[in-house]
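Listed here are the chains, written in short residue letters.
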Amino acid sequence: MVGGLTLGLGAVVAGKKYVHDDDDGRGKYRLDNLTSPNPRPNMMYEWQVYPSPEKGWRYSRVTMDELDGDGRIDKPADKTKRPQLKRYFDENEGQAVDDMWTDIPPVNSQATDRIGYPTQKPVALLERILNASTNAGDVVLDCFAGSGTTAVAARAIDRRWIAVDCGKLAMYTAQRRLLSVTAGAPFDVCHAGLYDNTLLEQLPPAGFRAFTLDLFGCKPEAFSIAGVPMAGRRKGDPVHVFPFDQVDADLDETYIETLHQRIGSQVDQAVYVIVPEARCDPGMFQDIVELGSTRYFLLRVPYSVIELLHERDFQLTSQPSALDQVNDALDAYGFDFIDLPEVDLDVHSQEGKVRVVVNAFHRGGLDPDDAAELDDAGRGDLAMVLVDPNYGEPGFRLAEHHFGEALKKQDWTFEVAHADDATVMLVFIDVFGNELRRVIRQGTIEAQPADADEVAA
Ligand SMILES: C[S@@+](CC[C@H](N)C(=O)[O-])C[C@H]1O[C@@H](n2cnc3c(N)ncnc32)[C@H](O)[C@@H]1O
């Protein structure tokens, strides 16, 4: 995009250099040197009351008189000072931008708008690109949004925008930044997955089964309960795959009730039922059906990656656990599948700060059977902790972050400074992007408040 760009660079410097105006309708101008850079004996002459510069004038006497007649020479009252040429901004044709831009400084370590995201770009740079390539009201899409500079620039110059990033640190950094920029229209944050089920029914049942068991973190294991086939276990509980290739009807409440009549007396609290979204009865709105003491969880599969299933393995999107991974390009398919992690914390409150110790961490979807074998109490799956030391309206505002790798080096401990009566919100993010929120109020950990949105990969 940058390669094909031309624009008047003058526009960029206008505010700084073109500061004079004679109010004669010609607009702003700047003053330029009228002396010759090299010695030119034929240009050494006294002009009006002004003595010749040491190396002579830049123009001949005739040209100087013409310029003067056109009001283009600034003549100081003090004749020991030099006259200067008026260069009008509106007459500046600008110059084609080349591929080396040096007039916009990078965001340096002292910059006031620096937000600490690696590779943060200057807003002025994005404003220039957007000014040159879009009109007010256009929609600007940045698929690798990082700290959200494109969105900030778009807002400032009246463009609409869509910013996309797979990294949670990037997303929350951009959100906080945009919340602190008052100009521009309101915006929404979406945790988007991929939704497309048209190809699903073309998938052979065996492939579907393997894919979805993997997708929902189930362990494949063929067994039956009261003659009903089960395909595996999820966190120890049975997983049944709706036999969409063997029945004409779609899965509805009657199917779950019939299933319950057959297996209900032999199962514990949870049974998972995997079903293609396209084979769910349209009236089946609920995701959890409670019958007796058993909860039947419907795991619907709306994913667009089915087509690619035969070509590559399913892979969860991963989150960076160190600063140098933040800008890694990610080649994976993500899902809007909520799977809360679990965390065991100790909190020690001191005046104005709280010290948090992460004793153990279980990533979302971890099979409890695997928990005992985890190294380092599962904390290696903790990608980062995001912190808002003053949580309240309008929601979580990222103020600081701690990467897993850094936490490991400091014995899984960190401190948060806060005002005495402040509520501290911590967001624990596992390596697959699942989030767990914890609130600390007056030195005590509280369960996630009901009003806090809870998001996963
Ligand atoms: C170089 S940074 C962008 C920096 C941005 N220009 C700024 O001013 O902060 C690249 C971003 O791309 C994101 N990214 C990498 N692979 C991605 C993918 N497949 N989909 C969406 N975002 C991705 C990373 O999380 C990272 O935040």
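Conventions we followed
Every residue gets a number counted from 1 within its own chain, in the order that chain's sequence is written. Given that the model is predicted, a residue must reach a pLDDT of at least 70 before its local features are reported, and side-chain atom pairs must reach 80 or more before they are shown or counted; all residues, however, enter totals for whole chains, interfaces and linings. For each residue, a C-beta atom is placed from the backbone, and the residue counts as near a molecule or strand when that atom lies within 6 Å of it. Polar here means any residue other than Ala, Val, Leu, Ile, Met, Phe, Trp, Tyr, Cys and Pro, which are nonpolar, and Asp, Glu, Lys and Arg, which are charged; Gly is therefore polar. Field definition: a residue is buried when 20 or more other C-beta atoms are found within 10 Å of its C-beta, exposed when 12 or fewer are, and partly exposed for counts in between, with C-beta atoms placed from the backbone. Helix and strand labels come from DSSP, where a helix needs a run of H or I of at least four residues and a strand needs a run of E of at least two; each type is numbered from the N terminus. Strands are labelled as partners when DSSP assigns at least two bridges between them. Each axis is a line fitted through C-alpha atoms, taken for helices only over the stretch in contact, and angles between the N-to-C directions span 0 to 180 degrees. By our criterion, buried Ala, Val, Leu, Ile, Met, Phe, Trp, Tyr and Cys residues that link up through C-beta atoms within 7 Å make up a nonpolar core. All the domain ranges listed were derived from an automatic or database domain assignment. Each residue is represented by a C-beta atom placed from its backbone, and any two residues with such atoms within 7 Å are regarded as in contact.

A.B. asks: How would you sum up the site of the ligand? Please name residues and give values.
C.D. replies: Of all residues adjacent to the ligand, which total 17 residues, the nearest are Phe144, Gly146, Ser147, Thr149 and Gly167. Tallied by class, residues from the shell around the ligand come to eight nonpolar, seven polar and two charged.

A.B. asks: With reference to specific residues and values, describe the pairing of strand β7 (residues 219-225).
C.D. replies: Little of β7 is tucked away, with zero of its seven residues classed as buried. Here five bridges tie β7 to strand β8 (residues 228-234), and the two strands are oriented antiparallel to one another. Across the sheet, residue Ile225 finds its bridge partner in β8, namely Val228. Between β7 and β8, which pair antiparallel one after the other, the connecting turn spans two residues, and Ala226 there sits at a positive phi close to 50°.

A.B. asks: Which residues make up the sheet that holds strand β9 (residues 237-241), and what are the values?
C.D. replies: Taken together, six strands build an open sheet; the order of strands is β7-β8-β9-β10-β12-β11 and the sheet is mixed. In this open sheet, the two edge strands, each paired with only one partner strand, are β7 and β11 (288-291). In this sheet, adjacent strand axes meet at a mean angle of 30° when their direction is disregarded.

A.B. asks: Explain helix α6 (residues 205-215) residue by residue, including any values.
C.D. replies: Here α6 has its buried residues at Phe208, Arg209, Phe211, Thr212, Leu213 and Leu215. In the segment just after α6, Gly217 is the residue with positive phi, at about 65°.

A.B. asks: Report on the nonpolar core, specifying residues and quantitative values.
C.D. replies: Of all hydrophobic cores here, the largest spans 45 residues; its most connected members are Leu386, Val424, Leu426, Val427 and Phe428. At the level of secondary structure, the elements contributing two or more residues to this core comprise α3 (123-133), α4 (149-156), β6 (160-163), α5 (168-180), β14 (353-362), β15 (382-388), β18 (423-430) and β19 (435-441). Composition of this core by domain shows at least three residues from each of domain 2 (104-181) and domain 4 (339-446). Aside from chain neighbours lying at most four places away, what touches Phe428 is Pro341, Val343, Phe361, Leu382, Val385, Glu435, Leu436 and Arg438. Core analysis: the second largest hydrophobic core is formed by 20 residues, Phe244, Tyr255, Leu259 and Val271 among them.

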